[in-house]
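The primary structure of each chain is shown beneath.
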Amino acid sequence: MYQVKRPSRCLRVPIRGLQYNVRCWGEPAPGQAPVVLLHGWMDVAASFQFVVDALSDTFVRNRFIIAPDWRGYGDTDGGGVDNYWFPDYVADLEFLVDHFSPETPIDLVGHSLGGNVAMFYAGIRPERVRRLVNLEGFGGPPTEPAQAPGRYADWLDQLKKFRRGELALRPYDTVDGVARRLAKTNPRLARDPAGRDKAEWLAGHWARANAQGQWEILGDPAHKIINAQLLRVDELLEIYKRITMPLLAVEASDDEMWQWWRGRFTREQYHERLQSVPDCRIAVVDDAGHMLHHDQPGQLAALLEPFLGG
């Protein structure tokens, strides 16, 4: 089993009618910017453990690091809803910042979905973010108004599928089955000499045994339902223009995201959008896929430390 170098503790924080689970490393210090880590779709806050372990002792000693389980993920309940709205993540983050750092701007790091939330929040509340790091939070392909009727129709159809139980996530007989799933989904994790141990450790945080002894993924299947509203690139760019703090946009060397979009959205289009951010630099993590915080935590830590400062 992977041996954690820096154990975390979990706090329960009331946020907008939910009891948020927030994983913490270190202790808060007056006037010091907390580092807030935001996980991605179908992930959990514990996923950042490998990166925290790769950070230097000096950095971790001097900084308070927190990572919430988003609503409907990990140990944060989803509130019994049948779909999730992107603006709710932004609002939850606002209340999280109110709780942990009401006066001092934070350092904000988000992966994938969390990276997109971080970009929106930084443009909406630039005075509350000191440094911004986006890990593979690319957004999506541009849309046209003519797509709206079909989009809403798909959303309605998926809601009905969810209600019929057709979107349910399959359970696993053992935690080892969850670990094998993680290693299969991420080939680099499987190839890593310590990858098997990492997968086993992740599985224990990514899933939990139910009353029947089967292991259930800690992600509400309602997250699989598409957003009813289209991505409006003109609105997104207006938000990006208001990101006044330095931005480090980190990409993996493997082009997984672009393969998923099948040419409908390219890396070049993403870079073009980033030109709207006044102070942006791009970095690439070598030999890594979309889950770069699993694949190369050491490389990622080496990028974060000088950018965020001790």
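Below is a summary of the structure that appears in this document.

**A word on the overall build of the protein chain**
Secondary structure summary: the protein chain contains 13 helices and 10 strands in total. A globule of 310 residues ought to have a C-alpha radius of gyration of about 19 Å, and the protein chain, at 19 Å, matches this closely. For the protein chain, the residues scored as buried account for 51% of the 310 residues in total. Here the contacts in the protein chain between residues at least 6 apart in sequence split such that 77% fall between residues at least 24 apart.

**Describing the pairing of strand E3 (residues 35–38)**
Burial along E3 is two-sided: Val35 and Leu37 and Val36 and Leu38, pointing in opposite directions, are all buried. Both E3 and strand E4 (residues 65–68) contribute to a ladder of 2 bridges, which runs parallel. Bridging across to E4, valine 36 finds its partner in isoleucine 66. In this sheet, strand E5 (residues 106–111) lies alongside E3 in parallel orientation, the contact comprising 4 bridges. Residue pairing for E5: leucine 38 is matched across the bridge by glycine 110.

**Focus on the side chain of glutamine 49**
If you trace the backbone, glutamine 49 turns up in helix H1 (residues 49–54). Overall, the relative accessible area of 2% leaves glutamine 49 in the buried class. At a separation of 2.9 Å, a polar atom in the side chain of glutamine 49 contacts the side chain of aspartate 53. Beyond its immediate chain neighbours, meaning those up to four positions away, glutamine 49 contacts Tyr2, Val4, Arg6, Ser8, Trp25 and Trp201.

**Structural notes on the environment of asparagine 210**
With respect to the helices, strands and loops of the structure, asparagine 210 is situated in the loop between strand E7 (207–209) and strand E8 (215–217). Once the C-alpha coordinates of asparagine 210 and proline 171 are considered, the two residues, 39 residues apart in sequence, prove to be 9.2 Å apart. A distance of 3.0 Å separates the side chain of asparagine 210 from the side chain of glutamate 216, its partner in a polar contact.

**Focus: the environment of tryptophan 41**
Topologically, tryptophan 41 is positioned in the loop between E3 and H1. A residue is classified by how much of its surface remains accessible, and tryptophan 41, at 47% relative accessible area, is partly exposed. In the structure, tryptophan 41 is positioned 174 residues away from tryptophan 215 in sequence and 19 Å away in space, judged by C-alpha atoms. Here the side chain of tryptophan 41 touches histidine 223 through a polar contact of 3.1 Å, landing on its backbone oxygen.

**Re the pattern of salt bridges**
Across all of its chains, the model carries 22 salt bridges by this definition. Linking glutamate 94 and arginine 125 is a salt bridge whose minimum nitrogen-to-oxygen distance equals 2.9 Å. Remark: arginine 125 occurs in the loop between helix H4 (113–124) and strand E6 (129–135) and glutamate 94 occurs in helix H3 (residues 86–100); sequence separation between them is 31 residues. Taking relative accessible area as the criterion, arginine 125 reaches 33% and is therefore assigned partly exposed. For the salt bridge of glutamate 235 with arginine 232, the shortest nitrogen-to-oxygen distance reads 4.0 Å. Look at glutamate 235 and you get partly exposed, because its relative accessible area is 45%. Within the structure, one salt-bridge network assembled from shared partners comprises Arg16, Arg71, Asp88 and Asp92.

**Quick look at the sheet that holds strand E1 (residues 9–15)**
A sheet is described by the order of its strands in space; here 8 strands give the open sequence E1-E2-E4-E3-E5-E6-E9-E10, paired in mixed fashion. Strands at the two margins of the open sheet, each flanked by one partner only, are E1 and strand E10 (280–285). Averaged over all adjacent pairs, the angle separating strand axes in this sheet is 25°, with direction ignored. Each of E3, E5, E6 and strand E9 (247–252) is contacted by H4, which is oriented at about 145° to E5, the strand it contacts most. The strands touched by helix H11 (residues 267–274) are E6, E9 and E10; relative to E9, the strand with the most contacts, the crossing angle is about 175°.

**Brief notes about the nonpolar core**
Counting residues in each nonpolar core, the largest one holds 52 residues, and the members touching the most others are Trp70, Leu93, Leu108 and Leu132. The dominant element in this core, judged by the number of residues it contributes, is H4, at 7 residues. Non-local contacts of tryptophan 70, meaning those with residues more than four positions away in its chain, are made with Tyr20, Leu38, His39, Thr76, Tyr89, Asp92, Leu93, Leu113, Gly114 and Val117. Counting residues in each nonpolar core, the second largest holds 27 residues, with Ile65, Ala67, Leu248 and Leu304 among its members.

**Here we look at helix H8 (residues 195–206)**
In a regular helix each residue adds 1.5 Å, so 12 residues correspond to 16 Å; H8 covers 15 Å between its end C-alpha atoms and thus fits that length. Buried within H8 we find Gly195, Lys198, Ala199, Trp201, Leu202, Ala203 and Trp206.

Calculation criteria
- Residues numbered from 1 in each chain as written.
- Predicted model: local features only at pLDDT ≥ 70, side-chain atom pairs only at ≥ 80, totals over all residues.
- Heavy atoms only, no water.
- Helix = DSSP H or I, 4+ residues; strand = E, 2+ residues; numbered from the N terminus.
- Rg over C-alpha atoms; globule rule 2.2 N^0.38 Å.
- Buried < 20%, exposed > 50% of the residue type's maximum accessible area, 1.4 Å probe, protein only.
- Contact = heavy atoms within 4.5 Å.
- Pairing = 2+ DSSP bridges.
- Polar contact = N/O pair within 3.5 Å; in protein donor to acceptor, adjacent residues only side chain to side chain.
- Salt bridge = Lys/Arg side-chain N within 4 Å of Asp/Glu carboxyl O.
- Axes fitted to C-alpha atoms, helices over the stretch in contact; angles between N-to-C directions.
- Core = buried A, V, L, I, M, F, W, Y, C linked by side-chain atoms within 4.5 Å.
- Expected span 1.5 Å × (residues − 1).

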